Every structure is written in structure tokens, then in C-alpha cells.
Amino acid sequence: MKKPKKAGKLKTKIIWAILVLIVAVIITPWGRAFYKTLIILPEFIPNSPIKTANLLTRKPIIKEVEFKSEDRTIYADIWYPNSQGKHPAAVLSLGVDIDRKDERAQKLANVFARSGIITLVPNIPSLGRRRVLAEAKNDLVTSFEYAKSLQNTKQDKVGFIGFCVSGGLALLAAEEPKIADEVKFTVSVNPYYDLSSLYKNITLRQIKDNDETIPWNLNSKTVEIYNRETIGLLENKRDQDILNDHLTLIDQSQLETGDFDPLSQNELSQLSKEAKFTYEVLTNKNPDKVSYYLENVNQAQKNFLKEVSPSTNINNLKAKSFILMDKNNIYIPYTEAKMLHKALGVKEHLFVETKILPAGNLAKSLSLKDYLSETIKIFRFVYSVLAEIS
């Protein structure tokens, strides 16, 4: 019995469509980016039942290196794609206290390398000491220059990928005039944007989004680091020791709630006027006093707020920026990413809001419909990054 001609024609059309799709994936940038995104997307989705990156791509080649940044030694891992030719490159940093051997850093470096990106993962010394200092920006600049100097790097395809505090620090580095013209892209996941606004979120334990005030249940690490850096800018060591005993070296629950122990009369008698004021700044819960405290901190503290905020020199940023915001983040308030998005204005950038990043820990409570909707947002973000880099 002969098959109907229409059925034969339909089969031919399907075969041609598949062939066209295969060719598009092979020879077009958008096709390759689409394919790579499909392969690595499960690594970015919480509770994903499938992991395809390791099955469908070659294992990266990892090399340990070290280089100097001013008087500091940077130890780093380079994850090379296991393929011939030149590749785009990225400096990857995940924030405070997460070094290159951390499972999270290695997971991401592995995924990016398998998607064809040379991935340099440096140990930034200050971040390893749970510090957020201006020197971290310089170390990231040096890391960028090192990645760009690698023999297999595409010179016009080098940038930064930063998570949390490193998302803000990567922006700082990309703004640096020394490399601003050379940075092709910045990928910032839950970055901070302005340390003054972050102070307000921390001290009040709330977020102001447009006209809505929302309680913020932040992580103790954010408070500990912010307080330590502010206290460390006092000149007197005794002042630092007393305030750290009350505002950083305490239980996590106290850091998270802001229920700090009051200073004793003996401690008050030993503190300088400047230290007493700093204690008031860091224990303030009155919204009406935020501006007053920010305007009257000492000069070193003012300089810190300015020098380590991407907001200060945001007009220097020339790289295309990709911003992913987790609305439930407990380390950096989501409004920081929104402020960055607004500040960039008409500059070329992508801003995506989601609810299913691991930091939000909400994937299990979402309906299947919402889970799929958020997954599509992550797909769009990852695809856009790969399409730009590749």
C-alpha cells in the first residue's frame, strides 16, 4: 500500500527543518549560545532533576597559577575549555569567604569552562579574610589583566562574573580607567551598588522599594562585615576592640536582629568621642537619623563609603552589564540591583528579576507554573550572557 503523498511531503519538511536547525546551531552565534544554554542551564536551577553539562561536554583543563597584585600574591585556578583555538575569558569571584577550591566556585567554573569560556578563579586575599576593602578592586583589575594576557584568550572578549559582594567589586574594577575600555562584559548576580543605602537597609533591617517598606531578614555575615569595616576605620585600637566585642564578635542572632548589648559605664569612659558616635551609627534604628549619621561619620569612613561603592563612578562603566536579581536574597537587598539598573539607564544592559536562585531558598515553595516561569527567566539571562560572550 502506497503512503499518501501529503504524508511524504510532511516528513520531508520535518527532516529539512531539523537539518536547518542543526546547521543553525553549528554555524550561528545565537544557535551555539542556545545549545550551550540548554546544556548548562540545569546547573543554575535549584532542585533540577537533571545535570547535562558533564555528560555532553568535555572535561575542562585546570591549571593552578599565582601572580602579584601590588604587594599581595594572588593564587588562582584557570579552567580552560577542552577545545582548540582562542576563547573568551572571565574572572569569576563569588564573594566573601568563598575561595577557588570551594565546591560552589568549582561548580560554576566547570560550567563556564564547558560552555567555552576560559575562567580564572582568583583567591582575593581580603575577601578570604572576611574583609571588603578597596584593595579587592585592585586585585580584580590585576586578575583581569592576567586573564587577558593568556595565550588562548580572545582579547576583545574578557570580562567579570561576580556574585553578591563580588558583583559590586567587579563593577568597581570594570569602572577603573586603567581597564574600563577593555572590559567587554560584567555579570553581576545580587550585587551591592551603594554602601550608604546598604547601611540604611542593615541598620533598620528593612528595605524601601518605591513607597513600600518591607522587613528584611538579613544574614549575620552582612552585618558582621559592615560593622567590622566601619569600626576598623577608627584610629584607636582600644576603641576598635571594645566596639568589635559588642558589634561583630557576638552571636549570629544578635547580628541579625540588631539587639546589641549596651556599653558599660567603664567602657564608655574608655571610648573616644568618635568611637561613641560610631557605636550610635551602627546601632541606630531610627529612619530619621540615617542621613545625619552618614553625614557625620569620620573622614576615613566617608572615604570608604565613596571609594568602595560602584555608584560613585558608575559613569565610567563601559562594559555591557548583565544583572540578575534574587528578590529573596538575604546577603544583599534586592533594591541594590534595582538601583544599579536604574542608574545604567539607557546604557546597554540586561536586568532580570527572579525568585529561584539558591540564596532565596524558595524553589520548593513555588508552584510548578511559577517554577517553570522563573526557569525561563534564568534561561533568558544565561542565553543572553553566552550570546554576548561567544
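Residues numbered from 1 in each chain as written. Predicted model: local features only at pLDDT ≥ 70, side-chain atom pairs only at ≥ 80, totals over all residues. Heavy atoms only, no water.

Below, the discussion takes up the sheet that holds strand S6 (residues 185–189). Sheet architecture is open: eight strands sit in the order S1-S2-S4-S3-S5-S6-S9-S10, paired in mixed fashion. A strand with exactly one partner marks an edge of an open sheet, and here the two such strands are strand S1 (61–69) and strand S10 (349–354). Direction aside, neighbouring strands of the sheet carry axes that sit 20° apart on average. Strand direction decides the pairing type here: strand S5 (residues 153–163) and S6, joined by five bridges, are parallel. Across the sheet, the residue bridging to Phe 160 is Thr 186, located in S6. Across the sheet, helix H17 (residues 368–389) lies against strand S3 (87–93), S5, S6, strand S9 (320–326) and S10, angled at about 155° from S10, the strand it touches most. (Pairing = 2+ DSSP bridges. Helix = DSSP H or I, 4+ residues; strand = E, 2+ residues; numbered from the N terminus. Axes fitted to C-alpha atoms, helices over the stretch in contact; angles between N-to-C directions. Contact = heavy atoms within 4.5 Å.)

With respect to the secondary-structure elements, Asp 239 resides in helix H10 (residues 237–247). Summary of buried charges: Asp 239 has no salt-bridge partner, and the nearest side chain of opposite charge, Arg 238, is 5.0 Å away. When residues no more than four places from it in sequence are discounted, the contact partners of Asp 239 are Leu 234, Gln 270, Leu 271, Ser 272 and Ala 275. (Buried < 20%, exposed > 50% of the residue type's maximum accessible area, 1.4 Å probe, protein only. Lys, Arg positive; Asp, Glu negative; His and termini not counted. Salt bridge = Lys/Arg side-chain N within 4 Å of Asp/Glu carboxyl O.)

Together, Tyr 35, Leu 55 and Leu 56 make up a nonpolar patch on the protein surface, roughly 350 Å² of accessible area in all. Secondary-structure assignment places Tyr 35 in helix H2 (residues 29–40). The class for Tyr 35 is partly exposed, based on a relative accessible area of 40%. (Patch = residues over 30% accessible without salt bridge, like charges linked within 9 Å, V, L, I, M, F, W, Y side chains within 5 Å. Areas by Shrake-Rupley, 256 points an atom, 1.4 Å probe, with all protein chains shown as cover.)

Right, let's get into the pairing of S9. Counting buried residues along S9, seven of its seven residues qualify, which places the element largely inside the surrounding structure. Of the two faces of S9, both are covered, the one formed by Lys 320, Phe 322, Leu 324 and Asp 326 as well as the one formed by Ser 321, Ile 323 and Met 325. Here S6 pairs with S9 via five bridges, running parallel. Counterpart to Ser 188 in the pairing with S9 is Ile 323. Summarising the sheet, S9 and S10 pair through six bridges and their orientation is parallel. Bridge pairing links Met 325 to Glu 353 in S10. In this fold, S9 hands off to helix H16 (residues 334–344), which returns the chain to S10; that crossover is right-handed. (Right-handed = clockwise from strand over helix to strand, strands pointing away.)

Let us look at helix H6 (residues 134–149). Between its first and last C-alpha, H6 extends 24 Å over 16 residues, near the 22 Å set by a 1.5 Å rise per residue. Among the residues making up H6, those that are buried are Glu 135, Ala 136, Lys 137, Asp 139, Leu 140, Val 141, Thr 142, Ser 143, Phe 144, Ala 147 and Lys 148. (Expected span 1.5 Å × (residues − 1).)

Here we take up the environment of Glu 374. Within the fold, Glu 374 resides in helix H17. Assessed through its relative accessible area of 5%, Glu 374 is described here as buried. C-alpha of Glu 374 to C-alpha of Leu 357: the two residues are 17 residues apart in sequence and 9.4 Å apart in space. Ignoring any residue separated from it by four or fewer positions in sequence, one finds Glu 374 in contact with Glu 353, Thr 354, Lys 355, Ile 356 and Leu 366.

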